[in-house]
Amino acid sequence: MATANVPIRQITHGPRHHWFGYYDKLQFSPDGRYVLGMSVDFENRKPTARDEVRIGMVDLGDEDRWLDLGHSVSWGWQQGCMLQWRPGSAAEVMWNDRDGDHFVTRSLNIDTGAQRTWPWPFYALSPDGRYGVGVDFERIQDMRPGYGYPGLPDRNADCLRPADSGAWLLDWERDTRSMAISIEQAASVAADHPSHAAGKHYFNHLLFSPDGTRFIFLNRWRDVSTGVAKGNLHTRMFTVGVDGGGLHLVDDSGSMSHFIWRDSDHILGWTRHPSHAAAFYLFRDRSDWVEVQGRGSMRVNGHCTYLPGRHVVLNDTYPLGNRIQELYLYDADRDRRMELGAFPSPPEYDGEWRVDLHPRSNRDGTRVCIDSAHGGQGRQMYLLDIGSLLD
């Protein structure tokens, strides 16, 4: 049975299944009234290239009414179609879709109904909304099904470290796309891992710094000598300038997982470091400085963000031994953990179609939205009011 230590309400309901996806994107409108989400009529299988996800938003000011906005046929259970509010805009929403033989970016102004399409997909948006950074989702799907999109083959499927694939800087105003860093460039940086030289490489999990001058990307690879599905996954974290300059290897452990920028100079991430093994660490960009964080409080890997303007981490866990997913705050300045709730995950929600909580806060950090399957209606979205804990 779920428990919540703060006020909570279910804001979407069956028979359709609703969720938002990843934790590092803007789900709440700037005024906090609307909450973006996606909707499907099936669960517990891989999506195909023909499966459509409906895109919409919940109106918190009108009895949680669902407002339909559009659709996409390029999505996955974990990150959806990258649906989010465009930073700097009060009314524009962006997501990925497929148009014939290529993936695209769609935008919609919810006030005017104006729509635009760009001929490439995006992974992350800059804090001012002018730029995006994109990757080849075909390669991600080939290397780790469920994080890319089905429907199109990887043109570099037989290449271990392609020079014409990588992270692309997208300029929405000029309608241009330029290569910022290629897979070949990143993979050419030496690594002390036996599988690195012969591994098949790709990029995943990109995120702009708060000042928009740099972005993170994870350089991942598998030992494909026994097949991609069987090869162990290794991960390094890099940062690079939006112009492709200043490439910096932040973490070379091979074990980097979830991360978030604390500010434009510091990155919080779960990895294995010689000092404290598996833990959350704070890294200083473009330096070798690193410090363990929340050793006794953030004990396991989770989807971490900072509440706006605070050194307070919003975090969750995967289902633990009892299938309970924990949700909590960690005040880094006071080394204090505050429990928000515990949510059971039904055993059928596992693997690619699991339902991670992926907590997201509104713009002032007083409300949190999660995805969860604990309520008996499949995956749905829930709203928690945490304002009382921040006084």
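Below, the discussion takes up the pattern of salt bridges. One pass over the full model with this rule turns up 28 salt bridges. Salt-bridge contacts for Arg-45 lead to Asp-51; the nearest nitrogen and oxygen are separated by 2.8 Å. Under the relative-accessibility criterion, Arg-45 is labelled partly exposed at 33%. According to the relative accessible area criterion, Asp-51 is buried, its value standing at 12%. In this structure, Glu-339 and Arg-337 form a salt bridge, with 2.6 Å as the shortest nitrogen-oxygen distance. Given the relative accessible area of 36%, Glu-339 is considered partly exposed. Taken together, the salt bridges that share partners define one network made up of Arg-130, Asp-171, Glu-173 and Arg-174.

Quick look at the sheet that holds strand 26 (residues 336-344) now. Judged by pairing direction, the sheet is antiparallel, and its five strands sit side by side in the order 1-26-25-24-23 without closing on themselves. With one partner strand each, in any of the chains shown, strand 1 (3-4) and strand 23 (305-306) form the two edges of the open sheet.

Turning to the environment of Glu-173, a few remarks are in order. Tracing the backbone through its elements, the reader meets Glu-173 in the loop between strand 13 (166-171) and strand 14 (176-182). Along the chain, Glu-173 and Trp-95 lie 78 residues apart, while their C-alpha atoms are 17 Å from each other.

Turning to the packing of aromatic side chains, a few remarks are in order. Applying the stated rule across the entire model yields 18 aromatic pairs. Between Trp-120 and Trp-172, the ring centres sit 6.1 Å apart and the planes meet at 35°, which makes this aromatic pair tilted. Of this pair, Trp-120 sits in the loop between strand 10 (115-118) and strand 11 (124-125) while Trp-172 sits in the loop between strand 13 and strand 14; the two residues are 52 residues apart in sequence, bridging distant segments of the chain. Using a relative accessible area of 9% as the deciding quantity, one classes Trp-120 as buried. The class of Trp-172 is buried, set by a relative accessible area of 1%. Residues Phe-137 and Tyr-149 carry aromatic rings whose centres are separated by 4.4 Å and whose planes lie at 15° to one another, so their mutual orientation is stacked. Linking Phe-137 in helix 1 (residues 137-143) with Tyr-149 in the loop between helix 1 and strand 13, this pair joins segments that are 12 residues apart in sequence. A single burial state applies to Phe-137 and to Tyr-149, both of which are buried. Grouped by ring-pair contacts, the aromatic residues Phe-203, Phe-208, Phe-215, Phe-217 and Phe-238 constitute a single cluster.

With that out of the way, let us pick up the sheet that holds strand 7 (residues 84-85). Taken together, the four strands give an open sheet; going across it, the order is 7-8-9-10, and neighbouring strands pair in antiparallel fashion. Single-partner strands in this sheet number two, and they are strand 7 and strand 10. Summarising the sheet, strand 7 and strand 8 (residues 92-99) pair through two bridges and their orientation is antiparallel. Among the inter-strand pairings, Gln-84 is bridged to a residue of strand 8, identified as Met-94.

All right, on to the nonpolar core then. Counting residues in each nonpolar core, the largest one holds 34 residues, and the members touching the most others are Phe-137, Trp-172, Phe-203, Leu-206, Phe-215 and Phe-217. Broken down by secondary-structure element, the contributors of at least two residues to this core are strand 11, helix 1, strand 13, strand 14, helix 2 (183-187), strand 15 (200-208), strand 16 (214-222) and strand 17 (233-241). Once you skip the residues sitting within four places of it in the chain, Phe-217 turns out to touch Ile-181, Ala-186, Phe-203, Asn-204, His-205, Leu-206, Arg-236, Met-237, Phe-238, Val-240 and Leu-247. Core analysis: the second largest hydrophobic core is formed by 28 residues, Trp-19, Tyr-34, Leu-69 and Trp-77 among them.

Approximately 820 Å³ is the volume found for the largest pocket. Around the largest pocket, the lining comprises 30 residues; the ones closest to its centre are Asp-24, Leu-26, Ile-260, Trp-261 and Tyr-306. Every element with two or more residues in the lining of the largest pocket is listed here: strand 11, strand 15, strand 19 (259-263), strand 23 and strand 27 (360-361). Each pocket or cavity is described by its volume, and for the second largest pocket that value is around 420 Å³. What lines the second largest pocket is a set of 23 residues, among which Arg-144, Tyr-147, Leu-233, Tyr-318 and Arg-354 lie closest to the centre.

Of all the nine residues making up strand 16, nine are buried; the element is thus mostly covered by neighbouring parts of the structure. Neither face of strand 16 is exposed, since Arg-214, Ile-216, Leu-218, Arg-220 and Arg-222 on one face and Phe-215, Phe-217, Asn-219 and Trp-221 on the opposite face are all buried. With seven bridges joining them, strand 15 and strand 16 adopt antiparallel strand pairing. Along strand 16, the bridge assignment pairs Phe-203 with Asn-219. Here strand 15 folds back onto strand 16, and the loop between the two strands holds five residues, one of which, Gly-212, carries a positive phi near 75°.

Another point: unusual backbone geometry. Peptide bonds are, in most cases, trans, and in most cases residues other than glycine have a negative phi. Pro-15 follows Gly-14 through a cis peptide bond whose omega is 15°. Residue position: Pro-15 is located in the loop between strand 2 (8-10) and strand 3 (17-19). Backbone geometry at His-358 places phi at a positive 45°, although glycine is not the residue there. The residue His-358 is located in the loop between strand 26 and strand 27 in this model.

What counts, and at which threshold
- Residues numbered from 1 in each chain as written.
- Predicted model: local features only at pLDDT ≥ 70, side-chain atom pairs only at ≥ 80, totals over all residues.
- Heavy atoms only, no water.
- Salt bridge = Lys/Arg side-chain N within 4 Å of Asp/Glu carboxyl O.
- Buried < 20%, exposed > 50% of the residue type's maximum accessible area, 1.4 Å probe, protein only.
- Pairing = 2+ DSSP bridges.
- Helix = DSSP H or I, 4+ residues; strand = E, 2+ residues; numbered from the N terminus.
- Phe/Tyr/Trp six-rings, centres within 6.5 Å; stacked < 30°, edge-to-face > 60°.
- Core = buried A, V, L, I, M, F, W, Y, C linked by side-chain atoms within 4.5 Å.
- Contact = heavy atoms within 4.5 Å.
- 1 Å grid on protein atoms, 1.4 Å probe; cavity = no way out; pocket = protein on both sides within 12 Å on 5 of 7 lines; lining within 4 Å.
- Points joined across faces, edges and corners; volume = space filled by probe spheres on them.

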